[in-house]
Amino acid sequence: FGSSFCRRSVSGSSPPQRLAAMSWGEGGSSKLSDAIAEVAAAIAPMETEWDQAKLEKKLYEYFRKGAKGMEFRGALPKLVNEYADNVMGTVFSALGDREWLNSGQADFLLCLDAGVKESFPPRIVGRMQQAEFEQLVLGAYDRAFDEQRFCPILSEAVPQVVSGPKIKKKVWNSVDTGRKDAVATGTVDVDEFTTQWINASVGHLAQATQGSPKDTMEPELCTQLFTVLLEGNGLPLSLMMEGAVAPVHLVEEAVTAAYEQHTVSEEDWAAAGPAAKKRKGGGGGGSFSLW
């Protein structure tokens, strides 16, 4: 694998190029130590606190321990995503203050690929064809990276707008789940993503407030929150290529439309069945538990 793949796709490497850098079988080295050394060498010029040797040592620990405690049962996609969450959670916990990490200047895809091959039982990895496996690892890595990068951005923004542990938890969960919904649509248009994110978030908030999202957060505060999130790099990095500007101008109109769509009277809410309420609210809540 080449050093040009030590940057995320948002920074210049396309998905096909990144997949091409992943080794398989006898086509190249798939050792975790080799992948760590390659990535650490690319990060070293940007890292100001650890030297390259310490960086390699720590990263190797993170990717080795990511599989600790995992029960290798069930479908491979579930297991790969679990491993990606474990590893990237640890990486961001330890290095979350580094600009090179948050700006997407480091790509740990090769490390995740090698970590799966080295840590997972061969009988599990061998069930899947090479191309399918590489797409799985790429998708799991990009999702886990994006979610871990966004978490502290949201955690910092929410208390600026609302107060009280229960309210902050409802808002955090709704906005986080709404963002995941928007990501799942696969849209690559930043305006469309922003509108879908806002709509889904208000939908989840309505679900958590019996059809009255304004009882938890007024539309004006929701507009303020999403403005803070967009200005604070809360959009996926993949949507912000080549100097794209966050569409803050869309927020107020999108919030107004979402509140109109998802607000339900007490009578209508009481009369609606559970399935209808779930559809109206946009789905279930999140799982945040900081507050």
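Residues numbered from 1 in each chain as written. Predicted model: local features only at pLDDT ≥ 70, side-chain atom pairs only at ≥ 80, totals over all residues. Heavy atoms only, no water.

### Remarks on the overall build of the chain
So, step 1. What the chain contains, in helices and strands, is 14 helices and zero strands.
So, step 2. Listing the helices and strands of the chain from first to last along the sequence gives α-α-α-α-α-α-α-α-α-α-α-α-α-α.
So, step 3. Relative to its full complement of 291 residues, the chain shows a buried share of 45%.
So, step 4. Once local pairs closer than 6 in sequence are excluded, the contacts in the chain between residues at least 24 apart make up 75%.
So, step 5. Accessible area of the chain: about 13900 Å², with a carbon and sulfur share of 50%. (Helix = DSSP H or I, 4+ residues; strand = E, 2+ residues; numbered from the N terminus. Buried < 20%, exposed > 50% of the residue type's maximum accessible area, 1.4 Å probe, protein only. Contact = heavy atoms within 4.5 Å. Areas by Shrake-Rupley, 256 points an atom, 1.4 Å probe, with all protein chains shown as cover.)

### Looking at the confidence of the model for the chain
So, step 1. Model confidence for the chain is summarised by a mean pLDDT of 87, while 83% of its residues fall at 70 or above.
So, step 2. Of all the helices and strands in the chain, helix α14 (residues 274-281) carries the lowest mean pLDDT, 52, while helix α11 (residues 219-231) carries the highest, 98.
So, step 3. Counted against residues more than four places away or in other chains, residues 1-12, with its pLDDT under 50, gives 43 contacts.
So, step 4. The low-confidence segment residues 279-291, where pLDDT is below 50, has 32 contacts with residues more than four positions distant or belonging to other chains. (pLDDT = per-residue confidence, 0-100.)

### Quick word on the pattern of salt bridges
So, step 1. Applying the stated rule across the entire model yields eleven salt bridges.
So, step 2. Between Arg-143 and Glu-147 there is a salt bridge whose closest N-O contact spans 3.0 Å. Of the two residues, Arg-143 and Glu-147 are both situated in helix α8 (residues 130-161); the distance of four residues between them amounts to about one turn of the helix.
So, step 3. By relative accessible area, Arg-143 is classed as partly exposed at 23%.
So, step 4. Looking at Glu-147, the relative accessible area reads 24%, which means it is partly exposed. (Salt bridge = Lys/Arg side-chain N within 4 Å of Asp/Glu carboxyl O.)

### Remarks on helix α3 (residues 52-65)
So, step 1. An ideal rise of 1.5 Å per residue puts 20 Å on 14 residues; α3 measures up with 20 Å between its terminal C-alpha atoms.
So, step 2. Turning to α3, its buried residues are Leu-55, Leu-59, Tyr-62 and Phe-63. Buried residues of α3 fall within an arc of 90 degrees about the axis and therefore sit on the same side. Turned more than 90 degrees away from the buried face of α3 sit Ala-53, Lys-57 and Lys-65, all of them exposed.
So, step 3. Those residues of α3 hidden inside the fold are in contact with α2 (32-43), α4 (76-95) and α6 (109-119). (Expected span 1.5 Å × (residues − 1). Arc of directions from axis to C-beta.)

### Things to note about the packing of aromatic side chains
Ring pairs (aromatic) are described by centroid distance and by the angle formed between their planes.
So, step 1. Applying the stated criterion across every chain, the model contains eight aromatic pairs.
So, step 2. Taken together, a centroid distance of 6.1 Å and an interplanar angle of 35 degrees make the contact between Phe-63 and Phe-108 tilted. In this pair, Phe-63 is assigned in helix α3 and Phe-108 in the loop between α5 (99-102) and α6, connecting sequence segments 45 residues apart.
So, step 3. With centroids separated by 4.9 Å and ring planes inclined at 65 degrees, the aromatic side chains of Phe-72 and Phe-120 adopt a geometry described as edge-to-face. On the criterion of sequence distance, the pair formed by Phe-72 in the loop between α3 and α4 and Phe-120 in the loop between α6 and α7 (122-125) is long-range, its members being 48 residues apart.
So, step 4. Site record: aromatic cluster; members linked through ring pairs are Phe-150, Phe-193, Trp-197 and Phe-226. (Phe/Tyr/Trp six-rings, centres within 6.5 Å; stacked < 30°, edge-to-face > 60°.)

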